[in-house]
Amino acid sequence: MPHLDVRLLGPLELRVDAAPVAIPRGNTATVLAILLDEANGVVPLESIVRAVYGLDIPQDPETQVQNTVGVLRRKLGAARDRVETVGRAYRFRIAPDELDTLRCKANEDRARTLRTEGRLEEAVAALRDALGEWRGPALANLSGATVDGIRRRYDEHRLALLERRVDLDLELGRAAEVVDELRQIVAVHGTRQRFTALLMRALHGGGRTAEALEAYAALRERLADELGADPDQALRDLHTAILRDGPPKAGPGAPPPVAEAPFPRPVPAMLPRANTRFTGRTGQLRLLDGHLAAAEGAAGLAVITGMGGVGKTALAVSWAHRIAHRFPDGQLYFNLRGFDPLAQGADAAAVLAEALVALGVEAHQVPTGLDERIGLYRTVLAGRRVLVVLDNARDAAQVRPLLPVAPGSFTLVTSRDRLAGLDATEGADTVPLELLSDADAWALLVRRIGMDRAMDEERAVLRIVASCGRLPLALTLIGAWAAAHPQFSLASLADRLDTTTNVFRVLASSDPASDPRSVFACSYQALGSRAARAFRLFGLHPGAEVTVAGMASLMGLPAADAEAALHELADVHLVDQPSEGRYTMHDLLRSYAAERIAEEVGAAERDAAETRLVDYFIHSAHAADTLIGLRGDGVDLGEPGPGVLREPIADPRAASAWFTTESEVLLGLLRRPELPGGDVNRWRLGWCMAGYLTDRSVGKELLETQSAAFAAAQRTGDGFGQVVSLGYLSAAAMFLGDEAAADMHLKRAMAMADDLEQPWAKGFVCFAHCVLTARSGDDAGAVAFARQAGAHFRASGDSFWEYRAEWVAGWHSLLLGDLDEGRAVFEKLLAVSEALEIVPAVANSQLGLGLLAHKEGRLDEALERYALAASLLADFGLPLSVSLVGELVGDVLETRGDLAAAVAEWRKAERACVEFGARWELERIRGKLAAASR
């Protein structure tokens, strides 16, 4: 096999059997850099397309990339087989000694091992070998956004290695030898605080304290002038130590590298509040400190594993707070709910969306696809020092998409599973967590109940510790109960623990002392009847959180009673309140609550509670849907059943937030094989979700919900329900790009609507036909269908849908050049919508009048109306609609002659369409961009 010598750490160079190979600049060199950046890894074809072309996707981009790979293979000659095709992906196969980045990584790993073993001289030599691979800025002879990103990452890595090497030199007493080198580095990287810290330590260690203080003063002045910032806490602490002539920090305790901040960016601080009563775990804390030190300059990863309730989260959060200052770019925290017994674990795509928003990405800029979100997440984290805590992971697959890869970050995962896959493939360090020691268990309980009380009943405390099996969750719960009931003797509590029995399964041990059942039972049995009932019924709730209205519906009681019961549960730590009005329960407790239902609640009571809960979700979803979309859809749900409360949703923004939070729960209910209320409620659930999903162009979920709703309507013989579901199925097909399926659904729906002779059903199908016809470019057909729809809606008395049909007719009339008709429609609709204070209707009326002004040459007025519409739509929480207003703004700017500004607006709208999956709109906008480029 031919031998390769490939170098990225400097100008790109490639040799085959020592003979240089000339790689064409441009796309061929970029593809080579992408493949070598993922050396021996599989790179999907679509990822290469995005990296090479960005948003300027040409016609048939995949074929163009395939042609580029063909050029690369021809240039490689005898080594052409190194570029392998793996399905719809490519892989560049290369040995560790053939690529400078792999040689660098091998030396870096060797240095880390040597450092851990205390062999500092050899570790420094290994780091010098790693740094010796650099011949200048990475990929110095290439250009482009993708190459720039790779170059920045590699060059940032070089600086991190340099910091570690100098740090070790200082540990070895070489302060005098590194001063001049550090002065040169600081001159180039003037605001990189870590290098100034190293320089201060070197100067102070060499007896040049005054110069060390001068270096600090110079940095403080540079930071103030260039960034308007102060030195970070670690540097201030070092300055104070030098002023006091204290020993300079060295080794693992030295200040960490600080990522440069060329511009202000959000610094997330998502860690939960640390437990002030956290006790023990000193050995595990030292292990975590060691893993953090060993990961310096790399993307560190550690996993805390252990049985449920053993204190993994408490340890993770406590340690994270201790070292948070080491991560100046923020801390992310996510509960992945991997072992929630009644709900699916957190979806990686949803977690990534939340992380991206926390890191400063605008919500409407978050991509829709999982792969795109992973790529953007890693890009945003590149060059940042961020701590990521992933709590309660189910398995390695749930964690992998959420792992940062840039040097300087550190991820801490907790799980009941060993997550061996992360150890094997990601190099995770494992911190096993066992039960507390006798001393730490005693200390944890005493911190809850107080030393005086513990010493008064010392034997009883020891008995309680034994009964709790040294399980932190059990000790926390029983301690909270004892603290809340100071009038009860600890001896009587110990007696109750000794005699309490139940059938709660032992989670990780056959030892009864490790069974948390007795602890849960003790807390549960001490509850009042109302709170005990709320605890049991919590086990029926399918979501991670329950609201006051949700619990009131489960219990069939007023909201005040449900809230009082939840407060009582929170007081004894049986539930938590993560946010105002929302309550969550540890999954072990939820399992226990589900068991209490099975043993203590009769079938009739259970069925009634579940029926009320489903009724709560249907009526709450209907209320939210009405606020967001002002939909009546010809269906009257009537009032909720006895004992059922709707969620109090104040405005459209709150309605959108409620749907976002509860959408997975609603989907879960819809997927149940047995649903209280049967197929009638299954159709209602699908119908209540349809508008929210349609407005956001969510084709996959819309297809799932409406397929289930249609099947339910078929089983009940509900013709009207079938027509509505078919109409929404046509929308799902349009979103997914299947126009033929959309047309088939509508033809079937129209045939059924004709048989029903219900005006609203006919109007709904005509309206859907109108949308499909408009997508084909037939404005006259769209107007005809819209007028038919409006007549049917008028006959049914549904003014909201009549408004929608009139709006569409007016819009396409303007596109056809019938300006008088468009003016009459939109002036009327604006007057009506303003009188009724219907915000989206006002916004859409302004859009129509803006298009009219554009057609009549009143360009300033058109821009003003579009700006007003965009503002109203943004307030209403419709980001895709706001972006599409930008397309209209671009049209006006093109008419004005400012093509560059028009293209900028179209580009923004194009990005939104990509993010939201709006295929038809994307095709239309790209047509405008193509015309502009010509």
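Read on for a plain summary of the structure. Just so you know, these numbers come straight off a predicted model, no measurement behind them.

As for the packing of aromatic side chains
Moving on, step 1. With the rule as written, the count across this model stands at 16 aromatic pairs.
Moving on, step 2. Between Phe793 and Trp801, the aromatic rings sit 5.5 Å apart at their centres with planes inclined by 40°, giving tilted as the arrangement.
Moving on, step 3. Members of the aromatic cluster, joined through ring pairs, are Phe720, Tyr728, Trp760, Phe764, Phe767, Phe793 and Trp801.
Moving on, step 4. Across from the ring centre of Tyr154, 5.5 Å away, lies the NZ or CZ of Arg153, which sits over that ring.
Moving on, step 5. It is Arg385 that lies over the ring of Phe327; its NZ or CZ is 5.6 Å from the centre.

Some details on helix 3 (residues 61-76)
Since the α-helix turns once every 3.6 residues, residues separated by three or four places project in the same direction.
Moving on, step 1. Between the first and last C-alpha of helix 3 there are 23 Å, a value that for 16 residues agrees with the 22 Å anticipated at 1.5 Å per step.
Moving on, step 2. Those residues of helix 3 that fall on the buried side of the exposure criterion are Pro61, Val65, Thr68, Val69, Gly70, Leu72, Arg73 and Leu76.
Moving on, step 3. Packed against the buried residues of helix 3 are strand 2 (13-16), helix 1 (27-37), helix 2 (45-53), strand 5 (83-85) and strand 6 (89-92).
Moving on, step 4. Where helix 3 terminates, the next one or two residues include Gly77, which has phi positive at roughly 60°.

Some remarks on the pattern of salt bridges
Moving on, step 1. Within the structure shown, the criterion is met by 59 salt bridges.
Moving on, step 2. Close ionic contact of Asp167 with Arg201 constitutes a salt bridge, the shortest N to O distance being 2.9 Å. With Asp167 in helix 6 (residues 145-171) and Arg201 in helix 8 (residues 193-205), the pair connects residues that are 34 residues apart, well separated along the chain. Just as Asp167 is buried, Arg201 falls in that class too.
Moving on, step 3. Asp561 is the partner of Arg530 in a salt bridge, and the nearest nitrogen-oxygen pair spans 3.4 Å. With Arg530 in helix 23 (residues 529-538) and Asp561 in helix 25 (residues 559-571), the pair connects residues that are 31 residues apart, well separated along the chain.

Overview of unusual backbone geometry
Moving on, step 1. Unlike most non-glycine residues, Ala18 shows phi in positive territory, near 70°.
Moving on, step 2. Here Ala18 is to be found in the loop between strand 2 and strand 3 (19-20).
Moving on, step 3. Positive phi, normally seen in glycine, also occurs at Asn392, with a value near 60°.
Moving on, step 4. One can find Asn392 in the loop between strand 9 (387-391) and helix 15 (396-399).
Moving on, step 5. Judged by relative accessible area, which is 16%, Asn392 ranks as buried.

Brief notes about the packing of helix 23 against helix 25
Moving on, step 1. Between helix 23 and helix 25, the least distance of the axes is 8 Å, while the angle of their chain directions is 85°. As far as their axial angle goes, helix 25 and helix 23 are roughly perpendicular. Judged by residue contacts, Arg530, Ala531, Ala534, Phe535 and Phe538 of helix 23 engage Asp561, Ala564, Ala565, Leu566, Glu568 and Leu569 from helix 25.
Moving on, step 2. Along the lines of polarity and charge, the residues of the contact of helix 23 with helix 25 split into eight nonpolar, no polar and three charged.

Parameters at a glance
- Residues numbered from 1 in each chain as written.
- Predicted model: local features only at pLDDT ≥ 70, side-chain atom pairs only at ≥ 80, totals over all residues.
- Heavy atoms only, no water.
- Phe/Tyr/Trp six-rings, centres within 6.5 Å; stacked < 30°, edge-to-face > 60°.
- Lys NZ or Arg CZ within 6 Å of the ring centre and 35° of its normal.
- Helix = DSSP H or I, 4+ residues; strand = E, 2+ residues; numbered from the N terminus.
- Expected span 1.5 Å × (residues − 1).
- Buried < 20%, exposed > 50% of the residue type's maximum accessible area, 1.4 Å probe, protein only.
- Contact = heavy atoms within 4.5 Å.
- Salt bridge = Lys/Arg side-chain N within 4 Å of Asp/Glu carboxyl O.
- Axes fitted to C-alpha atoms, helices over the stretch in contact; angles between N-to-C directions.
- Parallel < 35°, antiparallel > 145°, perpendicular 65-115°, else oblique.
- Nonpolar A, V, L, I, M, F, W, Y, C, P; charged D, E, K, R; others polar.

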